[in-house]
Amino acid sequence: MHELAIAEAVIEQVQRELHRAGQRGRVHRVELSIGRLSGVNCDSLRFAFDLLAPGTIVEGATLHINQPTATCVCRACGKRTPIEELVVSCPACNSEQISIEGGRDLLLQSVDVEGPCESSPPRKF
Amino acid sequence: MRIVAAKKILKANDQVAAKNRDLLSGAGVCCVNVLGSPGSGKTTFIEALLKHFGGRIRAAVIEGDIAGTIDAERIEALGVPALQINTEGACHLDAPMVAAALRELDLNGVQLLFIENVGNLVCPASFDLGEHLRIVVLSVSEGDDKAVKYPAVFQSAQAVCITKTDLSPYIDFNLSRIMADVRRLNPGASCFQVAALRGEGVPAVAEWLAEHLHTGRSDFGHSGQK
């Protein structure tokens, strides 16, 4: 259900971006950035996107999802370790004096759309 | 051609949430989003706080549930204005739902507005409603591993309340473990222990809320996406 709401928001956001850029072409690729600790399941998001896409401007578009890592910052050893899932202690020194940064973004990174130059080949003189 | 957007997927929700927050701040209302699993004791927790405040702080409650009006009826029975949102299947409240509820609710004289979210430790974490404060309610019967299992919601809150602590003697619940996990995930969060039906621990939460109320109308602290 959560991913369905996210997929819905993605499609609305794509619509706004196209409108803002004055583009009307077919969308063939949508790129998202879904942080590893965002709580969003990417498989479910793909499923929801495919379910909602037909009849919308993203029909037939491929969904590309980046999954940026979070960073474990250790106050004991000072090391910053990229992490793919939540940790309760520093992977380097095992200290529990840590804080977790990032990895929670939900971003629409880019939209690839067929522009006029792609749909009609350059004229030859 | 490629359109580089680099925008929050939930930007539309966040924009409505910001409007909700401005409206509430302008009306001098401190808004508290209460999150937790089904059966964690959210409604009982809110009821206990309302009873504790008596008439000293004027409160109102927005209840979010998939179906039914049971919770709003419980709040109204205390003489506190309540409004029920039925999400009809959605597993969380979003900012537009709250905006619609705010249009229905008479905020005149209200100082404190509770929003009880749909029972769920996952999805509500992502949706800013326009609240000033976020409280996560976790009952001892749910287990002491929940902060690590559902980090996003615990990271997004200003306070974590462990409820049903009167059941602790009958349950293998390690309070120091969950407290350590919460501190690691969210060092700034205030932590409380409450047995709401007995009123135990309620004054401490009430005091914390009252402090936020009195720190000034434009500076209730803020919640939303961290």
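Residues numbered from 1 in each chain as written. Chains lettered and ligands numbered in written order. Predicted model: local features only at pLDDT ≥ 70, side-chain atom pairs only at ≥ 80, totals over all residues. Heavy atoms only, no water.

Enquirer: It is not clear to me how the sheet that holds strand 5 (residues 98-101) of chain A should be interpreted in this structure. Could you clarify?
Expert: The strands that make up a sheet pair up through hydrogen bonds in the backbone, lying either parallel or antiparallel. All names here are of chain A. The 3 strands lie next to each other as 4-3-5, forming an open sheet whose pairing is antiparallel. Pairing within the sheet leaves two strands with one partner each, and these edge strands are strand 4 (80-83) and strand 5. Each strand axis lies, on average, 25° off the axis of its neighbour in the sheet, ignoring direction. Pairing analysis gives 4 bridges linking strand 3 (residues 70-74) to strand 4, with the strands arranged antiparallel. Considered in strand 4, the bridge of Val73 is made with Arg80. (Pairing = 2+ DSSP bridges. Helix = DSSP H or I, 4+ residues; strand = E, 2+ residues; numbered from the N terminus. Axes fitted to C-alpha atoms, helices over the stretch in contact; angles between N-to-C directions.)

Enquirer: What is the right way to read the packing of aromatic side chains from this model?
Expert: The geometry of an aromatic ring pair is captured by two quantities: the separation of the ring centres and the angle between the planes. Residue and element names in this part refer to chain B. For the structure shown, the criterion picks out 1 aromatic pair over all chains. With a centroid separation of 5.9 Å and an interplanar angle of 65°, the aromatic rings of Phe192 and Trp208 are classed as edge-to-face. Pair noted here: Phe192 is in strand 8 (residues 190-193) and Trp208 is in helix 8 (residues 202-214), with a separation of 16 residues, a long-range link. The pair Phe192 / Trp208 is uniform in exposure class, with both members buried. (Phe/Tyr/Trp six-rings, centres within 6.5 Å; stacked < 30°, edge-to-face > 60°. Buried < 20%, exposed > 50% of the residue type's maximum accessible area, 1.4 Å probe, protein only.)

Enquirer: Looking at this structure, how should I read the packing of helix 1 (residues 2-21) of chain A against helix 2 (residues 42-52) of chain A?
Expert: Each packed pair of helices is defined by two parameters, the angle between the axes and the distance between the axes. Residues and elements named next belong to chain A. For the pair helix 1 and helix 2, interaxial distance at closest approach is 8 Å and the crossing angle is 55°. Here helix 1 is positioned oblique relative to helix 2, judged by the angle of their axes. Handedness of the crossing formed by helix 1 with helix 2: right-handed. Residues Glu3, Leu4, Ile6, Ala7, Glu8, Val10 and Ile11 of helix 1 form the contact with helix 2, whose participating residues are Ser44, Leu45, Ala48, Phe49, Leu51 and Leu52. Broken down by class, the residue content of the contact of helix 1 with helix 2 amounts to 10 nonpolar, 1 polar and 2 charged. (Parallel < 35°, antiparallel > 145°, perpendicular 65-115°, else oblique. Left-handed = near helix turned anticlockwise from the far one by under 90°. Contact = heavy atoms within 4.5 Å. Nonpolar A, V, L, I, M, F, W, Y, C, P; charged D, E, K, R; others polar.)

Enquirer: Before we go on, may I ask you to explain the side chain of Glu63(B) in this structure?
Expert: All names here are of chain B. Here Glu63 is to be found in strand 3 (residues 59-65). One buried charged residue, Glu63, remains without a salt bridge, the closest side chain of opposite sign being Arg74 at 7.5 Å. Other than its neighbours up to four places away in sequence, Glu63 contacts Thr43, Asp71, Ala72, Ile75, Leu83, Gln84, Ile85 and Glu116. (Lys, Arg positive; Asp, Glu negative; His and termini not counted. Salt bridge = Lys/Arg side-chain N within 4 Å of Asp/Glu carboxyl O.)

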